[in-house]
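# Remarks on the overall topology
The primary structure of each chain is shown beneath.
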Amino acid sequence: TRFVFWIILALSLPLVCRAELQRSDTTESLRGLKGLFVVSQFIDLHPAGLTTNGIETIAKASLHDAGISVDVGPDKSSGNASLSITISTVNNTKLGVYLFTVQVAVTQDVQLVRQAHATPLSAQTWTRTMQGITTPDRMDIIEQALKQCMNQFVASYQAVNSWPVLEPPTMLRVIPVR
């Protein structure tokens, strides 16, 4: 009964838990990144109401709104950088809930310092993960978790890729010509 109480309590509150390990040096890996190829996937279960196209649209809109270029495919000049969105869901039919994990990760070509002349390797250099519980009628909770991860990515990206802020144009004094 105690277990059921905690499950009911969890369901009564829209729950999205933040579970991640943040390292400041992962943000530095985004410096100079010109664009990203976006790819998304569902693992385990594909919940009704969510599509890979819908997930990619949310991610691409977030990047576009932040002024971050979206590549149509992996681009060698950007280190073959890709933004991977992975959504994993498990349906607990007994309790009528979905347990989910949303992960947004950047994978790009890197070179090991100890092997400076070796061919670059593809590695995950930045990641954020959110976990939560939702009901079948609240799949928007998973989209909200994705948007939060995307906001964290945009903030990290902008922290190391700031553009100069242009000052508004000054008013010119107009002198009539006679």
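Above this text is the structure in question.
Values in this document were obtained by computation on a predicted structure and should not be read as measured data.

## Some details on the pattern of salt bridges
Going through the model one piece at a time under the given rule, you end up with 3 salt bridges. Here E28 and R31 are joined by a salt bridge, their closest N and O atoms 2.4 Å apart.

## A closer look at helix α4 (residues 140-160)
Look at α4: 31 Å from first C-alpha to last across 21 residues, which is about the 30 Å you get at 1.5 Å a residue. Turning to α4, its buried residues are I141, I142, A145, L146, C149, M150, Q152, F153, V154, S156, Y157 and V160.

## Topic: the packing of aromatic side chains
Here the structure, examined in full by the defined rule, presents 2 aromatic pairs. Arranged with centres 5.3 Å apart and planes meeting at 80°, the rings of W126 and F153 form a pair that is edge-to-face. Here the residue W126 occupies a position in strand β6 (residues 121-134), and F153 occupies one in helix α4, the gap between them amounting to 27 residues. Across this residue pair, the class does not change: W126 and F153 are buried.

## Digging into the pairing of strand β4 (residues 82-92)
Bridge count between strand β2 (residues 35-44) and β4: 8 bridges; the pairing is parallel. By the bridge assignment, F42 is partnered in β4 with I87. Note that β4 and strand β5 (residues 97-110) share 11 bridges and pair antiparallel. Directly across from L83, in β5, lies its bridge partner V106.

## Structural notes on the side chain of T89
Relative to the elements of secondary structure, T89 occurs in strand β4. Discounting chain neighbours no more than four positions away, the residues touching T89 are I43, D44, L45, H46, P47, Y98, L99, F100 and I142.

## A closer look at the environment of M150
Within the secondary structure, M150 is located in helix α4. Beyond its immediate sequence surroundings of up to four residues, M150 is in contact with A59, S62, L63, L83 and V104.

Rules used in this analysis
- Residues numbered from 1 in each chain as written.
- Predicted model: local features only at pLDDT ≥ 70, side-chain atom pairs only at ≥ 80, totals over all residues.
- Heavy atoms only, no water.
- Salt bridge = Lys/Arg side-chain N within 4 Å of Asp/Glu carboxyl O.
- Helix = DSSP H or I, 4+ residues; strand = E, 2+ residues; numbered from the N terminus.
- Expected span 1.5 Å × (residues − 1).
- Buried < 20%, exposed > 50% of the residue type's maximum accessible area, 1.4 Å probe, protein only.
- Phe/Tyr/Trp six-rings, centres within 6.5 Å; stacked < 30°, edge-to-face > 60°.
- Pairing = 2+ DSSP bridges.
- Contact = heavy atoms within 4.5 Å.

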